[in-house]
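Examining the three-dimensional arrangement
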Amino acid sequence: MRSLLQRIIIFVLIVSITLALLTTAGFIYFINDFYSHTAKFGKTALLKQGEKSLTRKVEDTAGHLETFLQCNTQKKESELLKNTYLSKICSKKIGKYGYLAVLNSKGKIIFHYKPEEVGKSLGSFSDKTPGMVKIIKKGIKTGTASGYYSFIGQNSKVNKSFLVVKKIKKYEWVVIATDSISGFLSTVGQYKRIISKNKNKAILVYIISVVIITSLIIFILFFFIKKISAEVNVLSNLAGKISMNNLKFEPPKFKVKELSKLSTSIEKMIERLNENVQEKTELAESTTKAWMMLENILNSTVKYGIIVTNDKGEVELFSNGAEIMFQYSVNEIAGKSITDLHLSEE
């Protein structure tokens, strides 16, 4: 049979492990959900940041271009197209699929980082990237435009890009800049790896913390219960002494309130038992004295035979006079029936 200490420890252990597992499962679910939303938020934030960055590049390029044109008002458009400084400002590669270029008011490319693209019109892109052509035409008409469009990349997969269009007054040139979403999200993979690493660290730290706290709780409870069990064993030993009529001891004092009350109760019980024992001892002594006095009185005369029996007719007292009269000694007749003193015919 298991002791009370073993039962309590097993119960606390089961409860602690159950709570630890439940809280760990809840924490893992929460941390996964939290980092999932964080990753989604990070992706959205990177897209917004990419859009702003591309818009800023177009605005900066348009500003530089307008400033340059204002400073060179006397030059013809054909001369400006040969200017190497303008070429550097107006033709740049952005990311893997993106670029910055300048078109004239008729939709013809006049600056591009790929020389073979210079001179092409929007019509040549209508089949492959109709979305891009639509956004550029809107920008030429309204002055500014932006939006997403799809195209087939080098990997033969459909890719999505963001395009910004801004028209400048001089010559009505149009500055465009585009970049793919993959360019915006180029850091997402690294971001996700960092999130996953931090998530795993958080889960590991939490599990270790739960194990340490649970172990500490079990250890404290074990120590506390073991101490109480030892005190209960002391009281159990005292009860064993009482059952063996050993009342010569004083119960110890305990700090635990319940055990202290129990110890006080045992102490009062011992006092009462000692009083009862004392009363019985005194009663036995007085009875013995009275019995001896009675025997002395009865044995002081030999003229009369005095016999005392119990309710069963057994002889308990046989005086000296009765010994002489019936010729039996006390030892011979004690405990026998009174009828044994007479013959059946008497």
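Every chain is numbered independently, its residues counted from 1 as its sequence is written. Local features in this predicted model are restricted to residues of pLDDT 70 or higher, and side-chain atom pairs are both shown and tallied only at a pLDDT of 80 or more, whereas totals for entire chains, interfaces and linings draw on every residue. Heavy atoms from the whole structure form the basis of all side-chain values; hydrogens and water molecules are not counted.

On to the packing of aromatic side chains, then. Aromatic pairing here means that ring centres of Phe, Tyr or Trp (its six-membered ring) are within 6.5 Å. Orientation follows from the plane angle: under 30 degrees is stacked, over 60 is edge-to-face, and everything else is tilted. In this structure the tally under the stated criterion is 4 aromatic pairs. Arranged with centres 5.5 Å apart and planes meeting at 35 degrees, the rings of F68 and Y85 form a pair that is tilted. Here F68 is found in helix 1 (residues 4–71), whereas its partner Y85 is found in helix 3 (residues 84–90), with 17 residues between them in sequence. The exposure class of F68 is buried, given its relative accessible area of 14%. Each residue is assigned to one of three classes by its accessible area relative to the maximum for its type, calculated with a 1.4 Å probe on protein chains only: buried under 20%, partly exposed between the two thresholds, exposed over 50%. What makes Y85 partly exposed here is its relative accessible area of 47%. Ring plane angle 40 degrees and centroid distance 6.3 Å describe the contact between Y99 and Y113, whose orientation is recorded as tilted. Of this pair, Y99 sits in strand 2 (residues 98–103) while Y113 is found in the loop between strand 3 (109–111) and helix 4 (130–142), placing the two residues 14 residues apart along the sequence. Under the DSSP-based scheme used, a helix requires at least four consecutive residues in state H or I and a strand at least two consecutive residues in state E, with every element numbered from the N terminus.

It is worth spelling out the pattern of salt bridges at this point. In the sections that follow, a salt bridge refers to a side-chain nitrogen of Lys or Arg positioned within 4 Å of a carboxyl oxygen of Asp or Glu. Inspection of every chain in the model, using the stated rule, returns 2 salt bridges. We note a salt bridge from K120 to E117, for which the minimum N-O separation is 3.5 Å. Since its relative accessible area comes to 33%, K120 is described here as partly exposed. E117 gets classed as buried once you look at its relative accessible area, which sits at 14%.

A few words on the side chain of N104. With respect to the helices and strands, N104 occurs in the loop between strand 2 and strand 3. From its side chain, N104 meets the backbone nitrogen of K106 in a polar contact 3.0 Å long. Think of a polar contact as two N or O atoms within 3.5 Å of one another; within protein, one of them needs to be a possible hydrogen donor and the other a possible acceptor, and neighboring residues in sequence only count if both atoms come from side chains. There is a polar contact of 2.8 Å between the side chain of N104 and the backbone nitrogen of K108. By the convention used here, residues are in contact when the closest approach between their heavy atoms is within 4.5 Å. Not counting chain neighbours up to four residues away, the residues in contact with N104 comprise E77, I110, E172, W173 and V174.

For the rest of this paragraph, the subject is the side chain of N72. Structurally, N72 can be placed in the loop between helix 1 and helix 2 (77–80). Residue classification places N72 among the buried positions, given a relative accessible area of 16%. Within the local environment of N72, its side chain forms a polar contact with the backbone oxygen of F68, the two atoms lying 2.7 Å apart.

Attention now moves to the environment of S91. Tracing the chain through its elements places S91 in the loop between helix 3 and strand 1 (92–94). Separated by 11 residues in sequence, S91 and V102 have C-alpha atoms that sit 7.3 Å apart. S91 has contacts with L100, F111, H112 and Y113, leaving out every residue within four places of it along the chain. Within the local environment of S91, its side chain forms a polar contact with the backbone oxygen of S87, the two atoms lying 2.3 Å apart.

Mean pLDDT over the protein stands at 78; residues scoring 70 or higher make up 81%. Each residue carries a pLDDT score, the predictor's confidence in it, ranging from 0 to 100. Looking over the protein, one finds the lowest element-wise mean pLDDT in helix 5 (residues 181–184), namely 72, and the highest in strand 3, namely 91.

Patches were defined on residues exceeding 30% relative accessible area and lacking a salt bridge, with like-charge contacts within 9 Å and nonpolar side-chain contacts (Val, Leu, Ile, Met, Phe, Trp, Tyr) within 5 Å. Accessible surface area values rest on a Shrake-Rupley calculation with a 1.4 Å probe, where residue burial reflects the displayed protein chains alone. Taken together, F11, V15, L19 and L22 make up a surface patch of nonpolar side chains, about 410 Å² in accessible area. For F11, the location among the structural elements is in helix 1. Taking relative accessible area as the criterion, F11 reaches 56% and is therefore assigned exposed.

It is worth spelling out helix 4 at this point. Helix span, as expected, comes to 1.5 Å for every residue beyond the first. For helix 4, spanning 13 residues, the distance from its first C-alpha to its last is 18 Å, which sits close to the expected 18 Å at 1.5 Å a residue. Here helix 4 has its buried residues at M132, V133, I135, I136, G139 and I140. Across the axial projection of helix 4, the buried residues extend over an arc of 165 degrees, all falling on one side. Structural note: helix 4 exposes K134, K137, K138, K141 and T142 on the side pointing more than 90 degrees away from its buried face. Each direction from the helix axis to a C-beta atom contributes to the arc, which is the arc of those directions.

Our focus in this paragraph is the pairing of strand 8 (residues 315–318). As paired strands, strand 7 (residues 307–309) and strand 8 are joined by 3 bridges and run antiparallel to one another. Residue pairing for strand 8: T309 is matched across the bridge by V315. At least two DSSP bridges between two strands are needed for those strands to be called paired.

Glancing now at the environment of I89. Relative to the helices and strands, I89 is located in helix 3. The class of I89 is buried, set by a relative accessible area of 8%. Sequence-wise, I89 and L100 are 11 residues apart; in three dimensions their C-alpha atoms are separated by 9.0 Å. With residues near it in sequence (within four places) discarded, I89 still touches T61, H64 and L100.

By nonpolar core is meant a set of buried Ala, Val, Leu, Ile, Met, Phe, Trp, Tyr and Cys residues that side-chain atoms within 4.5 Å join together. Among the nonpolar cores identified, the biggest contains 21 residues, and L65, L86, V102, F111, W173 and V175 are the most heavily contacted of them. If you list the elements that add at least two residues to this core, you get helix 1, helix 3, strand 2, strand 3, strand 5 (158–167) and strand 6 (174–180). Top contributing element to this core by residue count: helix 1, with 6 residues. By size, the runner-up hydrophobic cluster in this structure holds 19 residues, among which are Y99, A101, M132 and I135.

Counted residue by residue, strand 2 has 6 buried out of 6 residues, so it is predominantly covered. Of the two faces of strand 2, the one holding G98, L100 and V102 and the one holding Y99, A101 and L103 are both buried throughout. One ladder, built from 3 bridges, connects strand 1 with strand 2; its direction is antiparallel. Pairing of K92 across the sheet is with L100, part of strand 2. Counted along the chain from strand 1 to the antiparallel partner strand 2, the turn is 3 residues long, and its residue G95 has a positive phi close to 65 degrees. Inspection of the sheet shows strand 2 paired to strand 6 by 5 bridges, in the antiparallel sense. By the bridge assignment for strand 6, L100 is matched with A177. Here strand 2 hands over to strand 3 after 5 residues, with G107 in that stretch at a positive phi of 85 degrees.

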